[in-house]
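Each chain, letter by letter, is given below.
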Amino acid sequence: MREDNSGGGTRAGGAGTVPGSGAGSVLTAEGRAEKIREKAGKRILAEWEAERALLSARDDRHESLDYFLDLVKAPPSPAEIEARLRSRVVGVVCLQAPPELFLALGLHPYRLYGGSQNAAAVAQPGLPALMCPLLKSLMGEMTADPGTAGIPWILPTTCDWTSGLPSLKDVYFPGSGDVRVVDLPRSKENPVSTEGWFLEMAGLWKYLKTLAGRKPSRGGLLAAVGTVERARAAFGETVRLRREGRVPAVWFLLAARTFFLDRAENWTRAVEGANKHFAALEPRLKNGVFLTGSPVVYPNFKLLHLLEEAGLSVLGDDLCSGERLLFRHVALKDKSVEGVLRALAQTCHDGCLCPVFVENKRRLGPVVEAARECAVGGGKTARPPGGDKTAGSAVRGVVFHLLKGCHPYEIDSVVLERETRRLGLRFIRLETDYAAEDRLTISNRLEALRPTLDAGD
Amino acid sequence: MLGNVRLAVQHLSFVILMYGGRFGVHLGSAVPCFSCPYVYGCGGNCYLMGLQGYIGFGLTWAQLWGYQGLRALFWLVVFAAAASLLGKLWCGFVCPFGLVSDWLTYLRRFLGVASLRLSRAARARLAPVKYFLLAWLALGPVLVNLGLLHPDFYLPFCQICPGKSLLPLFEGEAKYLTLELTNSVTLSLSVVLMAASGLTVAGSFFRERLFCVFCPMLALFNLLRPLALARIVKDPGLCQGCGACSRSCMMDMDELWLEREHDSGDDGECLGCGGCVEACSSRGCLSLKFLGGTVVGSSPELARGLRTGGGRARG
Amino acid sequence: MFWLAAPPLSRAGEASIYILDLAPPELAKSGLARAEAGLVVLAGGRAAAAKASDVAAEFFWSLRTAYLRGGDDHDAGVGYYQAASGAAGTVVTAGGYSSVDLRARVVAGGGVEHFAQTVFNLYGREGSSAADDSLAPVPAPAWPLFELTSPEPLYWPQTGQTFFLKFIPGDRGDRTVGADDGASDHDAVSDHDGAGAKTIVADNDAPADNNNGGGPGGRGLPLTVWEEDSPAPLFEIWAGADGVYAFTPPADPGLDAAGATSAKKLIFVRALPGGGTASLTLLVHRSREARRDLPLGLGVFFLAMLGGGGLIVAGRRGARY
């Protein structure tokens, strides 16, 4: 009889085994799958726990940050979240489907992306080698917890990997939950695409209403907008403190990671509490950099640790897993349901700086804005002297995090390199994945970057 | 915050311009907004009335070269100076007729009725109407003086301006909500006036500041734009394209949102309400400037001051 | 009789042309010809004809009631106040206006006196800001005088507006009984564009009380109402018990069609003992308010409002979110 520590998958004569000759029972397919799931789950959990331990051991750990650490005790599971929040969980790939729509209907949005190297490693065989690590890790996490595949998904057609994800899901998790595709126009700032995305959002709204099984009130939708707006306000304060060099990147991105793991109101309160702690920290503005590129997702904080070790201070980012998590303030003029849908749609489409869009010239905006806001000396808003938009700013360089296999960001890095150099900032592109093998290389490159930040133009 | 300031200034202006004359306040004949002289006791006369009449195109050629011509020039200079001083802020912060339109908008928002959206193409088609009305306002009195138009076309724009019929209601006067059966000209003009007034009320309920699309005063402001001291200015380098400014715009303008190269701002349909500055969460991207100095600049804090959900409607 | 009228826009101190029109049928027999006075300048209590006419005319003018805007030389400040009647020393300044009585007297053949009076708005001369204190008031002559009042504001005399005329004969003969009893309290009844006066030549037969003062047999001598160029009087009105004549000019289709500023002259003539006459000329415009139809206006208004709103609502019928 094979050793079984999975709790029943390989009992002699039980499900998952068949009597075999020789050494004993043989695992059935179901038993094998269960074993794989168990093994994957353990490996992923180990990685999460390791990163959590690393963060817990930091000198700047504070009790106000325990909320976030508690939420990442283990890889999140939709079933666990559903039970805890007593709300139906709906998966969301990418951020263009605004969380307000879900909250208004009592649904909980759950962002579908992974940051685990081990999950990527245990992901289904046959997946492309250079698949987007976020989605490969997601596939691996679904291996450990197929429940994620079972929940309804909302899928904006952003990049090619995302668009191909439903097919892969069907292959490896046949008969799993519905995927509601929302067609994201790849061009922005023209009436056709804006109207097109609004119609998609209106369709999504109707779909979510059938999922929730209830008719929402306009007041409920406005309340949800208010809830997210309060979260945005708290997070905005964190950003402001970050500009002053008071918020280490690991805590910032950890907080961002946990937004989808709990009720927005709880998260907001926790962020407000953490802000009080951050405000008391000493500012660290030296060797300030702006982090951009592919998302950095817990538990893969490799780059963040390396940046810190190299003495670089991340004063801003435009990652969709970071500062762009909640987009920008949703200005509402028309408070009818249609008006709210239009406002949310436009904010999440025209306001999105993802390089999947055809033309993304606005994407330099956050870099310039952050540079202006980071005055040397820690002032709140800096107006750099002279014509140079970044002169006098604590932000001296841009670090481009490029995940292998991410073609949109690869193209984006070419554009951004030129634009940032024109602004007088140093630029470094770090192409990596979730594996740890390139830590030393990255570290060396960052060490080499640091002195150039002080040298000026 | 800026929206609340605008609300307060609008209401104060309404009281002054609608009732100020009863308390001895009169700001002259060149007020750059709809301070309607048909309101007994108004606190100043809308320049458009004078421009059509006794200090403008209503003068004969002979009068133009006399004292009346000098007086007309005087009031033109006063108007240009006042219009330049505040620029489009007259429209967004002061105009009493604009406030009446805003009240209808607040009612619509309270009821949760969706706004009527005019497409860019539709707005482009409607925009020239204000210039046609400005030309009518100028040409009509000239034709009357030349005897080519019936004398009852005197003050040709005022005869069809919804302000004439609607603003006196706020002092209890309904006599301009009538058809004037004196002759065919007065009847026609009053029919147009009643129709315009009814359409303005209905349209302004569904679409914020609908009348302003057609307002010849806005046309005048656009002609004087190079002189404006108060401007709304954009730094395109800081724009992140979210469209908040466009959604907040009373006139559904998307020019500001789409601008990528120049520091454009309050041209075309802009009413200088500052809603875009308040809604923009990119620090320093949009600014309300006076004489080049920033009065209010966009920021996340200012944007977050707007109430966006649950609670009372944004001002 | 003769009558006189001021032009529509009269300014203090400026040359104005006042037309003295001597009604030929009456006076042609006496040898007086139709004549026009030349330039008449109101420069004081007395005005003189700069150009002699065939008939020597003597003028007198006075401020009836004055509404003056305060300026630098006035202590009143910005605003309006009422000056004392007959303050002839005050010249109307820029921005102000006054209702003015202008009276004239001619003596026809045989020493028969004829008097004419008109009431008009005198506007301040542009650029003038100082009152002309050099003008000395003159004693009012004891000429026959018509006192004109109206229960409605006198924007300018209009058809459909009721006028009350009190005839004060001065020292020229019998006055209408009760005419010196002070202003009577007349009901502010305005039969806008009142039709149906007791006319002599007009087609409309429907009588209206306020144009008849109680009909023949009313007190005193009647007033005849003429229009310029009318060969005969159009109306004959009698004073009421209080001695006041009431008249509401009926609507004039010609005036209605012509424009808001067009006007016609209405001449009220009262015979005097001794053969003379006294006349009052009013420049009457069309009614500003009589033809306003509120129900129709509201109907068009609401039709447009509901129609426009309905179109918008219909256009978005399919959109439900």
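Worth saying up front: this structure is predicted, and the values here are computed from it rather than measured.

(A) Molecular detail of the interface of chain C and chain B. Across the boundary between the two partners, chain C contributes 26 residues, which contact 31 residues of chain B. On inspection of chain C and its partner chain B, the count reaches three salt bridges. Among the ionic pairs, C:Arg292 bridges to B:Glu180, the shortest N-O distance being 3.8 Å. In this structure, the connection of chain C to chain B is made through nine residue pairs in polar contact (both at pLDDT 80 or more). Looking at the side of chain C that touches chain B, the elements that each hand over two or more residues are helix H2 (253-258), strand E17 (292-293) and helix H3 (294-315) of chain C. In terms of residues, the side of chain C that touches chain B owes the most to one element, H3(C), which gives twelve residues. Inspection of the sheet shows strand E1 (residues 179-180) of chain B paired to E17(C) by two bridges, in the antiparallel sense. Within E17(C), the position partnered with B:Leu179 by the bridge is C:Asp293.

(B) A look at the packing of aromatic side chains. All names here are of chain A. In the structure shown here, the tally under the stated rule is 28 aromatic pairs over all chains. Put simply, the rings of Phe235, Phe252, Phe259, Phe260 and Trp267 touch in pairs and so form one group of aromatic residues. Across from the ring centre of Trp153, 4.8 Å away, lies the NZ or CZ of Lys169, which sits over that ring. One residue, Lys188, lies across the ring of Phe357, its end atom 4.9 Å from the ring centre.

(C) Structural view of the interface of chain A and chain B. Facing 43 residues of chain A, the contacting portion of chain B comprises 45 residues. Roughly 3600 Å² is buried in total at the junction of chain A and chain B, and carbon and sulfur atoms are behind 47% of that figure. A per-residue breakdown of the area chain A buries against chain B is headed by A:His329, A:Lys333 and A:Arg362, which together make up 23% of the total. Our count for the contact surface shared by chain A and chain B stands at seven salt bridges. Of the charged contacts in the structure, one is a salt bridge between B:Asp252 and A:Lys333, with a shortest N-O distance of 3.2 Å. At the junction of chain A and chain B, the tally comes to 19 residue pairs in polar contact (both at pLDDT 80 or more). Counting residues per element, the ones that place at least two in the side of chain A that touches chain B are helix H9 (191-212), helix H10 (218-243), helix H14 (337-349) and helix H15 (365-373) of chain A. With eleven residues, the top contributor of residues to the side of chain A that touches chain B is H10(A). By residue class, the composition of the side of chain A that touches chain B is eleven nonpolar, ten polar and 22 charged.

Calculation rules
Here the residue numbering is sequential within each chain, running from 1 through the sequence in written order. Chain letters and ligand numbers both follow the written order, the letters beginning at A and the numbers at 1. Only residues with pLDDT of 70 or above have their local features reported here, since the model is predicted, and side-chain atom pairs are shown and tallied only from 80 upward, although totals for entire chains, interfaces and linings are computed over all residues. Calculation of side-chain values draws on the structure's entire complement of heavy atoms; hydrogens and water are dropped beforehand. Contacts: residue pairs with any heavy atoms within 4.5 Å of one another. Salt bridges are defined by distance alone: a side-chain nitrogen of Lys or Arg within 4 Å of a carboxyl oxygen of Asp or Glu. Nitrogen and oxygen atoms within 3.5 Å of one another constitute a polar contact, given that in protein one can donate a hydrogen and the other can accept it, and given that sequence-neighbouring residues count only through two side-chain atoms. Only runs of H or I of at least four residues qualify as helices and only runs of E of at least two qualify as strands under DSSP, and these elements are numbered from the N terminus. Following DSSP output, two strands are said to pair if at least two bridges run between them. The pairing test for Phe, Tyr and Trp rings, Trp by its six-membered ring, is centres within 6.5 Å, and the orientation test on the planes gives stacked under 30 degrees, edge-to-face over 60, and tilted for anything in between. Note on criteria: charge over ring means Lys NZ or Arg CZ within 6 Å of the ring centre, with the direction from the centre no more than 35 degrees off the ring normal. Accessible-area loss on putting two parts together, using a 1.4 Å probe and summing over both, is the definition of buried area adopted here. Throughout, the ten residues Ala, Val, Leu, Ile, Met, Phe, Trp, Tyr, Cys and Pro are labelled nonpolar, Asp, Glu, Lys and Arg are labelled charged, and all others, Gly among them, are labelled polar.

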